[in-house]
Amino acid sequence: MKYKPADKIQDLQYFGEFGGVNPSISDSSTYTFLSAKTMFDTFEGNAEGCYLYSRHSSPSNLYLGEALAAMEATESATVTASGMGAITPVLMQLCNSEDHIVSSRTIYGGTYAFMKNFLPKMNIETSFVDITKLEAVETAITSKTKILYCETVSNPLLEIANLPALADLAKKYGLKLVVDNTFSPLSITPSQLGADVVIHSLTKFINGSSDTVGGVVCASAEFIDELRNVNDGACMLLGSTMDSFRSASILKNLRTLHLRMHKHSENAMYLAKKFEGLGLRTVYPGLSTHKGHQLFKKMMNEEYGFGGMLTIDVGSLDKANTLMELMQERNLGYLAVSLGFYKTLFSAPGTSTSSEIPENEQEEMGLSDGLIRFSIGLDNHIDRTFQIMKSCMEEVEVL
Ligand SMILES: *Cc1c(COP(=O)(O)O)cnc(C)c1O
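Because the structure is predicted, anything quoted here is derived from the model rather than measured.

1. Some points on the domain arrangement of the protein chain
- When cut into domains, the protein chain gives domain 1 (5–254) and domain 2 (257–396).
- The distance between the C-alpha centroids of domain 1 and domain 2 comes to 27 Å.
- Across the contact, 38 residues belong to domain 1 and 40 residues belong to domain 2.
- Regarding the contact of domain 1 and domain 2, the summed buried area is about 3200 Å², with carbon and sulfur atoms giving 66% of it.
- On the surface where domain 1 and domain 2 come into contact, there are one salt bridge.
- When the shortest N-O distance is used, the salt bridge between Lys116 and Glu361 registers 3.4 Å.
- For the interface between domain 1 and domain 2, the tally reads 13 residue pairs in polar contact (both at pLDDT 80 or more).
- With five residues, the single largest contributor to the side of domain 1 that touches domain 2 is helix α5 (residues 109–118).
- Here the residues of the side of domain 1 that touches domain 2 are counted per class, giving 22 nonpolar, 13 polar and three charged.

2. As for empty space enclosed by the protein
- All told, the structure shown has two cavities of 30 Å³ or more when counted by the stated rule.
- There is about 160 Å³ of room inside the largest cavity.
- In terms of lining, the largest cavity is formed by 14 residues, of which the most central are Arg55, His56, Thr78, Val79 and Arg228.
- If you list the elements that add at least two residues to the lining of the largest cavity, you get α3 (59–72), β1 (76–80) and α9 (234–238).
- Considering each element in turn, the lining of the largest cavity owes the most residues, three residues, to β1.
- Taken together, the residues of the lining of the largest cavity sort by class into four nonpolar, eight polar and two charged.
- The space that makes up the second largest cavity amounts to roughly 30 Å³.
- Residues belonging to the lining of the second largest cavity are distributed by class as follows: six nonpolar, two polar and no charged.

3. Things to note about the packing of aromatic side chains
- All told, the structure shown has nine aromatic pairs when counted by the stated rule.
- Taken together, a centroid distance of 5.2 Å and an interplanar angle of 20° make the contact between Phe114 and Phe118 stacked. One end of the pair is Phe114 and the other is Phe118, both in helix α5 and four residues apart, which spans about a single turn.
- What makes Phe114 buried here is its relative accessible area of 10%.
- Under the relative-accessibility criterion, Phe118 is labelled partly exposed at 37%.
- Arranged with centres 6.0 Å apart and planes meeting at 45°, the rings of Phe275 and Phe374 form a pair that is tilted. Of this pair, Phe275 sits in helix α11 (residues 257–277) while Phe374 is found in strand β12 (residues 371–375), placing the two residues 99 residues apart along the sequence. Judged on exposure class, the residue Phe275 and its partner Phe374 are both buried.
- An aromatic cluster of at least three residues, connected via ring pairs, comprises Phe275, Phe346, Phe374 and Phe386.
- A cation sits over an aromatic face here: Lys121 above Phe118, 4.4 Å from the ring centre.

About the cut-offs
- Residues numbered from 1 in each chain as written.
- Predicted model: local features only at pLDDT ≥ 70, side-chain atom pairs only at ≥ 80, totals over all residues.
- Heavy atoms only, no water.
- Domains from an automatic or database assignment.
- Contact = heavy atoms within 4.5 Å.
- Buried area = accessible area lost by both parts, 1.4 Å probe.
- Salt bridge = Lys/Arg side-chain N within 4 Å of Asp/Glu carboxyl O.
- Polar contact = N/O pair within 3.5 Å; in protein donor to acceptor, adjacent residues only side chain to side chain.
- Helix = DSSP H or I, 4+ residues; strand = E, 2+ residues; numbered from the N terminus.
- Nonpolar A, V, L, I, M, F, W, Y, C, P; charged D, E, K, R; others polar.
- 1 Å grid on protein atoms, 1.4 Å probe; cavity = no way out; pocket = protein on both sides within 12 Å on 5 of 7 lines; lining within 4 Å.
- Points joined across faces, edges and corners; volume = space filled by probe spheres on them.
- Phe/Tyr/Trp six-rings, centres within 6.5 Å; stacked < 30°, edge-to-face > 60°.
- Buried < 20%, exposed > 50% of the residue type's maximum accessible area, 1.4 Å probe, protein only.
- Lys NZ or Arg CZ within 6 Å of the ring centre and 35° of its normal.

Here it is in structure tokens:
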């Protein structure tokens, strides 16, 4: 039986302070105590249910964390002010100076830049590998390696990481498998496949309304407590705390995630098949021509589909730009980075979200100039959308 993440979210029950059907928002940075002794115990982390200061924890953030831990089948979770605000403390918590990371080379541009340009300042080096080549991953592991890092579905090339096999490698060498699951919430539950730490940018599908940035780390209670430790916890001390108003609003959006993912996936599958039918070079994990299709199928919680992300290659940056501008003019979506919105978003990753990656490396990993990344929206009549897209493609002569 596969995990049922949406049911786990549904099964949670919250009440507000006055019997509200939504939990009350804790609109305070600091909390009073009737006794000084309880304040001390709370600071030491020994007073269950008491709050001290909202950078440490707040009721609203705990509610959202609880729901996301339920979704990801982990013991605990901590929410952060952005996706990068989740990724960077995890890496710094798990690595000391002189340690080493083995990471997929096709990852979010910000994560890549942090590993490549920032962590070396702390003497932490990263080897970037083709994550689909397990021998290459194993070869890159040294006695100093602490972390195996990947995205379930990689950005922007949509490669699929073999999580069970990577988890075996992590076990064999005593590493932590850290997985960014931003592109495949609900569809894939990495903790069930052996991941130690699961990260999301909540900014994308999970919040789904493109009105905020946010992040979460889902892991064992022990690791989440470490991140929040007042003496040496990276989440606590680096201070990337989510605001209570935001966590309350993201929690409300989380409740429709299963419906949205279903529709994003359905629409993306429809368009991917049509695009492929037109002879466009189309990458979508739901297509049988995708290299990771069988692997995704094996790992997935079926009802949520293969996700809302797809790419096409139209041959050149000029054509990509002209097509995107035309599609925006015809109101098919927005020329914008990010993903998971109700409206389709498209961008050329080589010059936007992956521009941190040097050109020669982009070429090596197959990230070509003419690539357009789509986050497919929740369009009610996807065939109508397709017909208009097709006419744009004809006009721009990419067909
Ligand atoms: C957007 C994104 C991030 C970074 O999240 P922010 O909320 O922008 O900080 C990390 N990983 C992936 C896969 C992303 O798409």
